[in-house]
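The lines below spell out each chain.
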Amino acid sequence: MLPTPCLSAGCRRHARLAPGSVDSGFFASRQLHRAHISSRRRILRARISGSVASSSSSSSSSASAAEKSNVFGSEKRLSGPKKLLEGMPAPTRYVTCTAIVAGALMAGYAVGSQAKGTPNAALAGAIALGAVGGATAFVVNSMAPDVAAAQVHNLLVNHPDPRSLRGEEIEGILKKFGINKTNEKFNTELRNLYDSFVSSVIPPGNEDLKGDEAATIRKFKEALGLDDPDAAAVHIEICRRIVRQRLETGDRDTAVEELRAFQKLVYVSNLVFGEASKFLLPWKRVFKVTDSQVEIAVRDNAQRLFATKLSSIGTDVNIDQLKELRRIQLKVQLSDEITSSLFKSHTQKLLEGYISRALEVLKARTRIKDTKKLVMELESMLAYNDLLSALAKDADSSSLVPGVGPASVIGGVYDSDRAMDDLKLLYRTYLSEAVVSNGQLLKEKLPLLAQLKNTFGIGNREADDIMLDITTKVYRRRLSLAVTDGDLDAATSKATFLQNLCNSLQFDPAKASKVHEEIYRQKLEQCVADGSLSDEDISALLRLRVLLCIPQETVETAHADICGRIFAKVVNTAIASGVDGYDPETTATVRAAIKGLRLSQKAAMDIASKAVRTMFMTYVKRSRTADNRTESARELKKMILFNNLVVTELVDDIKQDPNVVKAEFVEEKKVEEVDYIDDGLEMLQSLRKTKPDQTRETSGKEPQKEITLRDDLPARDRTDLYRLYLIYCLTGETTHMPFGSSIVVQRDSSEFERLGELGIILGLTPMEIGTVHKGLAEQAFKQQAEVILADGKLLPQKMEQLVEVQKQLGLPSDSFQKVVHNIATTKMSGAIDAAVRSGELKVEEIKEMRDAGVKIDSMISKEQREKMYRSLVDRELSSGKGEFDEDKFYTSVPAELELDPAKCRSMVDDLTKQRLKSSLIQAVALLRQKNETGVVSQLTNLLLCDKLVRSEKLSWAVEDELKDLYCIYVKTSPPAEKQQRLQELFGFSASMAKSLEDFVAANGFSLAGDEEELKF
């Protein structure tokens, strides 16, 4: 470990640290260090920067001399032998030392000879005095490093500029005294001098680095000839002093300053040693700091240095300045990302300066704004951005500082909602003052406008809105001037004049049409302010329409909206009076409003339709919120009466008024739709009653059909309302009595005619109406059919009852079949399935059901019919009769059950194979039970199965049981061919069969006898 450098020559003499000591010198010179460290740094910085006072003044010269002596301490004064040795070169010193040793040897030899007179005494004297001479020579040579170190120290103390120190000066002193840099004493002095220089170069406290510290220290280190490891040890030791001083300082501000000094030293040290600093400067191990802390120290100081250089860059930046910034960035070792951020922030601040000056002009408290200055500031800002963009494109990006490019306000002080309002105001002002000038749109300014939009970060929609607002105002102003001056009237083609006006402003013709419509609407509102349109008003509106080329459709829409509001009030007043308030006076008021407002029949009908439908919806809402079905039906009845007494009169007034401009209604198609109805629904009795009675004379007008709720209510809601009133017509008004009883107090067949009118009001088509009637008829038929078919049996007499009910209700045949099928699948399916399983359902009964009109395939599923067929075949194969009617089971039964004959034959084959094996097993089982009759029956079934499906030889584990079966069958004297087939199936030879037959013929065969013998 290196000794701690002292602060001055006096400190170095009195507080010299022993080699390997760290803290003793620090504590010994603690007070002096605090007293002189600041002055030492300040003095050396003054000398390095060339700010030494002029020597013209004697007082300033003496002060400068004092400062020079205090940078590296005062001069070292030599005395005695060192003084003599100071002017003695190395060869002279070597000769002198040799002479001293030789003279001592000669003198010792002479003294010894004279004293004893013997050769031995002379030799002893020579050795003694020679040793003294050698010691003297050694002392003289050992003082050479001290003298050389003193000369180097005094050289720097008296040097005019330590930065200009050359290595030759140090080498000259080394050669003069014949010593090497590795000499411990000399190297220690070099490190002390390097310590003082580094401590003075690094700015103290919160002062920022100037950027030349690393180069200055590196040059001084090379001039001293100090190796990197020794120099790195000096940097580590300086940092240790700073850390100790920070820990011992109680003042927080001073501690912060020392921390800043530590970070600056770390950063400068890394620059001095470059890549070698990674292993020469172990900050993490020595000071217990993390890599991130070191990176922060390097980054912060590099940022400050770069920011200092960057602050000198103004709006007139050029390519050389950008390259110089790149060189500085690499020099201070600042990353591209941070450099880019700093440069963009700097350009953004310059950009914000332009914006601030423009806003000052805009927000000035004067009536007349200096808009020219505002435009100039914004265009200067755009020029600055263009310059940055050009520099970024023209030069090599690797040679320029990162981040060169157009600046914007995003992320700056103007990146907020409140500031964005100011930017939009600037954009609007620039657009109105610079781009749109004298009613003309300057196309050469449009690129600048687009660039300004991007710089301010204004969205396309917002910019378009501002452009539209400005151009609309200018267009209206120029249009008003053209109408006032008569230019538009004098134009041959009004459309061409207006198109040219739009082209000059690049104004969308569609937007211009909107402006024309607004102007026409304003004029129309002025004309109808008194509630009617006069002939003069019509002429003025017609002239305006021709001048502005307003389409007829737009005119009609405007009249419908503006005049319609007035007419709507009249209609609302007319219908609000109810069924008793629509009198001749109301009729006159309605017709007068139509005449005065010059409304077309279609427009008047549309307005009336809207008001009437609103009233209709009021009745519908009341019906929905009623307590019971009867109250709901009464509200619907009120709506029907309102339609007949009020709405019909209103529609007639609109249609029959001779002043109404006739219009064609597209109602023919609707009438065609209303007249269409399915022929199958005409037979419904309830639907027939809704038709007006042609034989009965009707009073009053026919209810109107133009205004309906078809587009106001969903189809389901409209059919629900119609169904509700239909039920009311069928059941009448019901009054609930005590003890849960109820009576029908009123039932009027004329309600069905009102039901038809309700269907028109609801906008239901005949098909939809017929569907509702059909649904209720199906529901009534279903209730009666469920009673008739309660037992689940569809007999012919029951079928006749169902047909009679169908005729009474007028239910179509398809609905009849559907209801019967649904009942059959629910109630009768379980009974039929049980009958199929139990065998109670016979083919004859199925035939009767089919003859009665029941569709067997829909009533009984195919699986159930196949199951029934298997059951019939299985019973036949297991009956023990030995007979199978192929014509019946292959033809008749499949036809009755509507099954495929081929599939039935396949099912018979499968059942026969299964029954063949089971018959043998059951025969053996019955044999073991001594049941001869059962055995014979099973063997008969077995031979029947073999007859239907030819079988191979049967096998059984116990052959004696097969013999017993054969004997029992032979005992019954069967036909010879069956007996022969059984022999073949059991696999008996002719001799064995003959012996068994002889045995049965001679002795008989009885299972009971065998049992008795066994018991005996």
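Residues numbered from 1 in each chain as written. Predicted model: local features only at pLDDT ≥ 70, side-chain atom pairs only at ≥ 80, totals over all residues. Heavy atoms only, no water.

**Q** Outline the overall build of the chain, supporting the account with residue identities and numerical values.
**A** Within the chain, the secondary structure is distributed over 46 helices and 4 strands. Sorting the 1016 residues of the chain into buried and exposed places 44% on the buried side. (Helix = DSSP H or I, 4+ residues; strand = E, 2+ residues; numbered from the N terminus. Buried < 20%, exposed > 50% of the residue type's maximum accessible area, 1.4 Å probe, protein only.)

**Q** Summarise the nonpolar core; cite the residues concerned and give the values.
**A** One finds Tyr194, Phe456, Tyr475 and Phe567 to be the most contacted residues of the largest nonpolar core, which totals 181 residues. A total of 11 residues in this core trace back to one element, the largest contributor, which is helix α28 (residues 601-624). If we ignore the near neighbours within four places in the chain, the residues touching phenylalanine 567 are Val590, Ala593, Ile594, Leu597, Leu599, Ala604 and Ile607. Counting residues in each nonpolar core, the second largest holds 48 residues, with Ile846, Ile860, Leu899 and Val935 among its members. (Core = buried A, V, L, I, M, F, W, Y, C linked by side-chain atoms within 4.5 Å. Contact = heavy atoms within 4.5 Å.)

**Q** So what's going on with unusual backbone geometry? Residues and values would help.
**A** Most peptide bonds take the trans configuration, and most residues that are not glycine carry a negative phi. Although it is not a glycine, lysine 288 sits at a positive phi angle of roughly 55 degrees. Within the element layout of this structure, lysine 288 appears in the loop between α14 (283-287) and α15 (291-310). Given the relative accessible area of 71%, lysine 288 is considered exposed.

**Q** Could you give an account of the packing of aromatic side chains, with specific residues and numbers?
**A** The description of an aromatic ring pair uses the distance of the two centres, along with the angle that the planes make with each other. With the rule as written, the count across this model stands at 13 aromatic pairs. Arranged with centres 6.4 Å apart and planes meeting at 75 degrees, the rings of phenylalanine 262 and tryptophan 283 form a pair that is edge-to-face. Of this pair, phenylalanine 262 sits in helix α12 (residues 252-273) while tryptophan 283 sits in helix α14, and the two are 21 residues apart along the sequence. Note on accessibility: phenylalanine 262 and tryptophan 283 belong to one class, buried. Relative to tyrosine 384, the ring of tyrosine 354 lies with its centre 6.3 Å away and its plane at 40 degrees, an arrangement referred to as tilted. Taken together, the residues tyrosine 354 in helix α17 (residues 336-362) and tyrosine 384 in helix α18 (residues 371-394) connect sequence positions 30 residues apart. (Phe/Tyr/Trp six-rings, centres within 6.5 Å; stacked < 30°, edge-to-face > 60°.)

**Q** Describe the packing of helix α41 (residues 901-928) against helix α43 (residues 959-971), with residues and values.
**A** Axis separation between α41 and α43 bottoms out at 10 Å; the angle between their running directions is 85 degrees. As summarised for this structure, α41 and α43 are arranged roughly perpendicular, according to the angle between their axes. Residues Leu920, Ala923, Val924, Leu927 and Arg928 of α41 form the contact with α43, whose participating residues are Glu961, Leu962, Asp964, Leu965 and Ile968. Looking at the contact of α41 with α43 residue by residue, the class counts come to 7 nonpolar, no polar and 3 charged. (Axes fitted to C-alpha atoms, helices over the stretch in contact; angles between N-to-C directions. Parallel < 35°, antiparallel > 145°, perpendicular 65-115°, else oblique. Nonpolar A, V, L, I, M, F, W, Y, C, P; charged D, E, K, R; others polar.)

**Q** Account for helix α44 (residues 976-986), naming residues and giving values.
**A** Spacing of three or four residues puts side chains on the same side of an α-helix, whose turn is 3.6 residues. Buried within α44 are the following residues: Gln979, Arg981, Leu982, Gln983, Leu985 and Phe986. In the core, the buried residues of α44 are packed alongside α41, α42 (932-948), α43 and α45 (990-1003). Where α44 terminates, the next one or two residues include glycine 987, which has phi positive at roughly 80 degrees.

**Q** Now, about the packing of α42 against α43: what can you tell me, with residues and values included?
**A** Two elements in contact, α42 and α43, have axes separated by 10 Å at closest approach and are oriented at 95 degrees. On the basis of the axis angle, α42 is roughly perpendicular to α43. The residues of α43 that touch α42, namely those facing Glu932, Val935, Val936, Leu939, Thr940 and Leu943, are Leu965, Ile968, Tyr969 and Lys971. Here the contact of α42 with α43 is composed, by residue class, of 7 nonpolar, 1 polar and 2 charged.

**Q** Talk me through the side chain of arginine 981; I want residue IDs and the actual numbers.
**A** Tracing the chain through its elements places arginine 981 in helix α44. Those residues within four positions of arginine 981 in sequence are excluded, and the remaining contacts are Leu943, Asp946, Arg950 and Ser951.

**Q** Lay out α41 in plain terms, naming residues and giving numbers.
**A** The first and last C-alpha atoms of α41 sit 40 Å apart over 28 residues, in line with the 40 Å expected at 1.5 Å per residue. One or two positions beyond α41, positive phi appears at lysine 930, with a value near 65 degrees. (Expected span 1.5 Å × (residues − 1).)

**Q** Hey, could you go over the confidence of the model for the chain for me, with residue numbers and the actual values?
**A** One rule of thumb: low pLDDT means the predicted coordinates there are not for detailed reading. Of the residues in the chain, 75% reach a pLDDT of 70 or more, and the chain-wide mean stands at 75. Per-residue pLDDT, averaged within each element of the chain, yields its smallest value for helix α2 (residues 24-28) (31) and its largest for α17 (89). Scored below 50 in pLDDT, residues 659-677 shows 25 contacts in the model against residues more than four places distant or in partner chains. (pLDDT = per-residue confidence, 0-100.)

**Q** Explain the layout of surface pockets to me, and be specific about the residues and the numbers.
**A** Reported here for the second largest pocket is a volume of approximately 640 Å³. When residues of the lining of the second largest pocket are assigned to their parent elements, the largest contribution, 8 residues, is made by helix α26 (residues 552-576). A class-by-class count of the residues in the lining of the second largest pocket yields 11 nonpolar, 4 polar and 7 charged. (1 Å grid on protein atoms, 1.4 Å probe; cavity = no way out; pocket = protein on both sides within 12 Å on 5 of 7 lines; lining within 4 Å. Points joined across faces, edges and corners; volume = space filled by probe spheres on them.)

**Q** Describe the pattern of salt bridges, with residues and values.
**A** Per the counting criterion, the structure on display carries 37 salt bridges. The salt bridge involving glutamate 518 is made with arginine 476; its shortest N-O contact spans 3.3 Å. You can see glutamate 518 sitting in helix α24 (residues 509-527) and its partner arginine 476 sitting in helix α21 (residues 460-485), a full 42 residues away along the chain. For arginine 476, a relative accessible area of 26% gives the class partly exposed. In the salt-bridge network here, residues are joined through shared partners; they are Asp946, Arg950, Arg981 and Glu984. (Salt bridge = Lys/Arg side-chain N within 4 Å of Asp/Glu carboxyl O.)

**Q** So what's going on with the side chain of serine 277? Which residues, and what values?
**A** Residue placement: serine 277 occurs in helix α13 (residues 277-280). Residues in contact with serine 277, not counting those within four places in the same chain, are Ser269 and Asn270.

**Q** Report on the state of the cysteines, specifying residues and quantitative values.
**A** Enumeration over the complete set of coordinates arrives at 0 disulfides. The thiol of cysteine 527 is unpaired, and the distance to the nearest cysteine sulfur, on cysteine 563, comes to 9.4 Å. Overall, the relative accessible area of 7% leaves cysteine 527 in the buried class. (Disulfide = S-S within 2.5 Å.)

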